[in-house]
Amino acid sequence: MAVVSTDTSAAVRAPRTTRARPLRSLHRGEHLWAALLLTPYSIGLLAFILIPTLAAMVLSFTNWDLLGSLQWIGFQNYVDLFTSGEFWQVVGNTAYYTLVAVPLSIAIGLGLAALLNRGTRGMHVFRSMLFLPVTVPVVASGLLWSWMMAPDYGVINYVLSFLGIPHQQWLTGIHSAMPSIILVGVWRGVGLNIVLFLAALQGVDRAVIEAASLDGAGPFRIFLRLVIPLITPTLFFSAIIGLISSFQVFDQTYIMTQGGPDNQTMTLIYYIYLQGFTFLHMGYASAISTIFTLIVFGLTLIAIRYQRLWVYYTEEG
């Protein structure tokens, strides 16, 4: 009996040993391939994001004009920054752009996606037309809209003149310059949201909608109470991308208004550009970029932290 018992335990242990070796080697191979495939991205992340970010943080404590030697001045740039009325105006302009452009882009994109999702004939043509502004180069679109909004010969004022509306100072008026920039930003960004939301709407289970309809729910109630909660992950993704890109708006203000009139369209990125590469205040510009990074990073973390309050992820399986 003892001999049989010994042979049996050996037979049981041997297969376990032979199975474990290929599994461990497979895991090592997967890790190696993952490391190799991530190496180019890791090098790019290190060279173009992490190192420049750390360098900017160090430069924010210095006074440097790109030509002379570095002069360590401690927190003086931050003191000047937070006591500057111009800086707070720029922050307010950027917040104004974000709070208006991002919700508008999401709302318009969702509405148009819902219309296209109803099986409209020629949906692919309309979808391509609405996505076209995303593919237009920023410089070209900025020049085009600058011409269209010109106060004397712009096509927009020309059309409005037939309605008895006087010529508007779209890009030179204090109260109309930022809304004009927002209009162009929404025009450029809504196409991407349409594609994202249309894909999310087409992924909603039709059986759930039909069941709600049989229970007596109307189309608007179904869309508001059922469809929107099911696509909240896509809404959250669009909001995060829109938040980050709106804080990075630069091309539109640079091409169309150069931050004017009276700094009404001056945004954070454009302000950093002016301070660093026009006035050669690299230390001051680095301090602004550090604050900018902290603002975007903080808002993103807050959004991710509290997404559970309104984002609903369906469980599969």
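Residues numbered from 1 in each chain as written. Predicted model: local features only at pLDDT ≥ 70, side-chain atom pairs only at ≥ 80, totals over all residues. Heavy atoms only, no water.

Draft legend 1. View of the layout of surface pockets. Roughly 530 Å³ of internal volume is contained in the largest pocket. Lining the largest pocket we find 25 residues, and of these G185, G189, G242, S245 and S246 sit closest to its centre. Of all elements in the fold, only helix 3 (85-116), helix 7 (177-202), helix 10 (232-247) and helix 11 (251-256) reach the threshold of two or more residues within the lining of the largest pocket. Here the lining of the largest pocket gets seven residues from one element, more than from any other, and that element is helix 7. Taken together, the residues of the lining of the largest pocket sort by class into 13 nonpolar, 10 polar and two charged. (1 Å grid on protein atoms, 1.4 Å probe; cavity = no way out; pocket = protein on both sides within 12 Å on 5 of 7 lines; lining within 4 Å. Points joined across faces, edges and corners; volume = space filled by probe spheres on them. Helix = DSSP H or I, 4+ residues; strand = E, 2+ residues; numbered from the N terminus. Nonpolar A, V, L, I, M, F, W, Y, C, P; charged D, E, K, R; others polar.)

Draft legend 2. Broad picture of the environment of Y96. Looking at the element boundaries, Y96 is found in helix 3. Considered as a pair, Y96 and T265 are 169 residues apart in the sequence and their alpha carbons are 9.8 Å apart.

Draft legend 3. A look at the packing of aromatic side chains. Counting across every chain of the model gives 17 aromatic pairs. Pairing F236 with W310 gives two aromatic rings, centres 6.0 Å apart and planes at 65°, and the pair type is edge-to-face. With a gap of 74 residues between them, F236 in helix 10 and W310 in the segment after helix 13 (282-305) connect regions that are remote in the sequence. When its relative accessible area of 37% is taken as the criterion, W310 is described as partly exposed. (Phe/Tyr/Trp six-rings, centres within 6.5 Å; stacked < 30°, edge-to-face > 60°. Buried < 20%, exposed > 50% of the residue type's maximum accessible area, 1.4 Å probe, protein only.)

Draft legend 4. The arrangement of the side chain of T232 in detail. With respect to the secondary-structure elements, T232 resides in helix 10. In terms of polar contacts, T232 uses its side chain to reach the backbone amide nitrogen of Y312, at 2.9 Å. Setting aside chain neighbours within four positions, we find T232 in contact with W310, V311 and Y312. (Polar contact = N/O pair within 3.5 Å; in protein donor to acceptor, adjacent residues only side chain to side chain. Contact = heavy atoms within 4.5 Å.)

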